Amino acid sequence: MRSILYVTLAASLAANVFLGLRFLPGCLHDVAASSADPASGTGTAAANAAGGAYLKLQNVRFFWSDEISVETRDLSVRAVPIAPHTSVDFDNVAAYRLELLNGDAKLRLTTLQHILNTVVFAYDGSPLRSLKLSTRGDRLIIQGELDFVLWLGFEMTARLSLSEDKRTLLIDSEGGTALGMPFAGDLLSSIGLDLEALVPVPPDHPLQLTGNRMIVDPYRLFPQPSFTGNLAAIQLNADHLRLSFRDSRRVAFPEAPVPESTSGLYIYQGGVKFGK
């Protein structure tokens, strides 16, 4: 017989889940679950053998830090321990990784802006600083300062899409302004001043440039625990980016023990540890 741990979240908690998984007394429910396999697909046996656990995040905000988080409405996740660990230790973010299976995650533009300023363009000699993100219709607007002998203010309009293999995010510059003067991608290229020339990045960086295209590895933008997933679609909205994940593995979670709860975290099967 396997069991499921269900965590109900009061409205006063603003449906927030931190990696430390610190919960109030009385919100944990350990109930018996079916002995049937939790998921269909070839990954089920491997997950059980690896000591992983299945998670379901229902209307919660999942934090990596105070500044970095995503919001989920109904997202299934597989947490897998990293050797030599044999169970998922939520108190040690280097001891496990996450596989995002099915559902959507909402990434606020303010969060992505923070990541760009503190992770992506925080290397020594970075020619970009003070970046701010907004939207104009279905286009992403990037404002900031560019080191071009002097620090120059700029604004760039870009189109956001997924690569053909759906492993990377593509940000294509469609033009903008610098010092109040308009520029266009093809004009920059004609004088040898495309983004690739203006913004050199270190090798093996989560963001690479080719011409006026930024190629972003989304799985390397976040701190530990690391995560992967099969991105099926992205959608740019006024204040956030919606990431949709799809996987052939479907987790059959048991019915919630508190049906009236609209926010909660399932921890189903496997071995987990939290609370030092």
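Residues numbered from 1 in each chain as written. Predicted model: local features only at pLDDT ≥ 70, side-chain atom pairs only at ≥ 80, totals over all residues. Heavy atoms only, no water.

J.: When you look at unusual backbone geometry in this model, what are you seeing that I'm missing?
T.: Cis geometry is adopted by the peptide bond preceding Pro 84, which originates at Ala 83 and carries an omega value of 10°. Within the secondary structure, Pro 84 is located in the loop between strand S6 (69–81) and strand S7 (88–89). One non-glycine residue, Asn 59, lies in positive phi territory at about 55°. The topology assignment puts Asn 59 in strand S5 (residues 53–63). According to the relative accessible area criterion, Asn 59 is partly exposed, its value standing at 25%. For Gln 269, which is not glycine, the phi dihedral falls at a positive 70°. (Helix = DSSP H or I, 4+ residues; strand = E, 2+ residues; numbered from the N terminus. Buried < 20%, exposed > 50% of the residue type's maximum accessible area, 1.4 Å probe, protein only.)

J.: Help me understand the pairing of S6, please; the structure alone is not making it clear to me.
T.: Within a regular strand, the side chains alternate between the two sheet faces. Of all 13 residues in S6, 11 are buried; the element is thus mostly enclosed. As paired strands, S5 and S6 are joined by 10 bridges and run antiparallel to one another. Bridge assignment links Leu 55 to a residue of S6, and that residue is Val 77. The antiparallel hairpin formed by S5 and S6 contains five residues in its connecting segment. In terms of strand pairing, S6 meets strand S8 (residues 96–108) through eight bridges, oriented antiparallel. Bridging across to S8, Ala 79 finds its partner in Leu 98. (Pairing = 2+ DSSP bridges.)

J.: Looking at this model, I keep getting lost on the packing of aromatic side chains. Mind explaining?
T.: Applying the stated criterion across every chain, the model contains eight aromatic pairs. Plain terms: the ring middles of Phe 62 and Trp 64 are 5.4 Å apart, the flat faces sit at 85° to each other, and that makes the pair edge-to-face. In this structure, Phe 62 and Trp 64 share a single accessibility class: buried. Here the aromatic rings of Phe 253 and Tyr 266 are separated by 5.3 Å at their centres, their planes lie at 40°, and the arrangement is tilted. Here Phe 253 is found in the loop between strand S19 (250–251) and strand S20 (264–268), whereas its partner Tyr 266 is found in strand S20, with 13 residues between them in sequence. Tyr 266 sits in the buried class, given a relative accessible area of 3%. (Phe/Tyr/Trp six-rings, centres within 6.5 Å; stacked < 30°, edge-to-face > 60°.)

J.: I keep staring at the nonpolar core and nothing clicks. Help me out?
T.: For soluble globular proteins, the rule of thumb is that nonpolar side chains tend to be buried together. In this structure, Leu 55, Phe 121, Ile 142, Val 199, Leu 207 and Phe 222 are the most contacted members of the largest nonpolar core, which totals 57 residues. Filtering out sequence-adjacent residues up to four positions away, Leu 207 remains in contact with Val 120, Phe 121, Val 201, Met 214, Ile 215 and Val 216. One finds Tyr 54, Val 251, Phe 253 and Ala 256 within the second-largest nonpolar core, a separate group that totals seven residues. (Core = buried A, V, L, I, M, F, W, Y, C linked by side-chain atoms within 4.5 Å. Contact = heavy atoms within 4.5 Å.)

J.: Could you clarify how one ought to interpret helix H2 (residues 109–120) in this entry?
T.: When we look at burial in H2, the residues that qualify are Leu 109, Thr 111, Leu 112, Ile 115, Leu 116 and Val 120. The buried residues of H2 occupy an angular sector of 155° when projected down its axis, which confines them to one face. (Arc of directions from axis to C-beta.)

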